Amino acid sequence: MTSQELKDRTKKFAIEIVRLYEFMPKTLPNKIFFGQLMRSGSSVGANYRAACRAKSTADFINKLKIAEEEADESIYFLELLLLSNEKNIIIP
């Protein structure tokens, strides 16, 4: 995968989170979890783009690790949303 393909993919991931929000019940827990998910999900791409502008290999690795942490955090909030909405899940 090229750098541009990964930039596009991480941007699409952030947009898909927004689209998913539109289909979920607007309960207080969902709003809280989605708020966190939108922040971490959009940070994946932002931090990857920052890594692409790194000034050194060490800087690149550090920034890429931050993107990885944000992706892992996104997984966590997706899991919370799934578990807290098991009876309400509607797949568009």
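Enquirer: Would you take a moment to explain the packing of aromatic side chains for this structure?
Expert: Working definition: an aromatic ring pair is given by the centre-to-centre distance plus the angle between the planes. What the rule picks out here adds up to three aromatic pairs. Each ring, one from Tyr21 and one from Phe34, has its centre 5.1 Å from the other, and the planes form 75°; the classification is edge-to-face. Of the two residues, Tyr21 is situated in helix α1 (residues 3-23) and Phe34 in helix α2 (residues 28-52); the sequence distance between them amounts to 13 residues. Between Phe33 and Phe77 the ring centres are 6.4 Å apart and the planes differ by 40°, which places this aromatic pair in the tilted class. In this pair, Phe33 is assigned in helix α2 and Phe77 in helix α3 (residues 57-84), connecting sequence segments 44 residues apart. Given a relative accessible area of 18%, Phe33 falls into the buried group. With a relative accessible area of 10%, Phe77 lands in the buried category. Feature note: the residues Phe33, Tyr76 and Phe77 constitute an aromatic cluster, connected by ring pairs. Over the aromatic face of Tyr21 sits the side chain of Lys26, whose NZ or CZ is 4.5 Å from the ring centroid.

Enquirer: What is the right way to look at the pattern of salt bridges in this model?
Expert: Pairs may arise between side chains of opposite charge once their charged atoms sit close together. The full count for this structure, using the stated rule, is three salt bridges. Across the salt bridge formed by Arg19 and Glu16, the nearest N and O atoms sit 3.1 Å from each other. Here Glu16 and Arg19 lie together in helix α1, a separation of three residues that amounts to about one turn. Judged by its relative accessible area of 45%, Arg19 is partly exposed. Judged by relative accessible area, Glu16 falls into the partly exposed class, the value being 36%.

Enquirer: How should I be thinking about α1 in this particular structure?
Expert: Every α-helix carries 3.6 residues per turn, so stepping three or four residues along brings you back to the same face. For α1, spanning 21 residues, the distance from its first C-alpha to its last is 31 Å, which sits close to the expected 30 Å at 1.5 Å a residue. Turning to α1, its buried residues are Lys7, Thr10, Ala14 and Ile17. The buried residues of α1 occupy an angular sector of 80° when projected down its axis, which confines them to one face. Along α1, exposed side chains directed more than 90 degrees from the buried face belong to Arg9, Lys12 and Glu22.

Enquirer: Please explain the nonpolar core as it appears in this structure.
Expert: Within the largest apolar cluster, seven residues are counted, these being Ile17, Met24, Phe33, Phe34, Leu37, Phe77 and Leu81. Of all the secondary structure elements, the ones that give two or more residues to this core are α2 and α3. No other element matches α2, which puts three residues into this core. Sequence-distant contacts of Phe77, defined by excluding residues within four places in its chain, comprise Phe33, Gln36, Leu37 and Ser40.

Conventions adopted
Residues numbered from 1 in each chain as written. Predicted model: local features only at pLDDT ≥ 70, side-chain atom pairs only at ≥ 80, totals over all residues. Heavy atoms only, no water. Phe/Tyr/Trp six-rings, centres within 6.5 Å; stacked < 30°, edge-to-face > 60°. Helix = DSSP H or I, 4+ residues; strand = E, 2+ residues; numbered from the N terminus. Buried < 20%, exposed > 50% of the residue type's maximum accessible area, 1.4 Å probe, protein only. Lys NZ or Arg CZ within 6 Å of the ring centre and 35° of its normal. Salt bridge = Lys/Arg side-chain N within 4 Å of Asp/Glu carboxyl O. Expected span 1.5 Å × (residues − 1). Arc of directions from axis to C-beta. Core = buried A, V, L, I, M, F, W, Y, C linked by side-chain atoms within 4.5 Å. Contact = heavy atoms within 4.5 Å.

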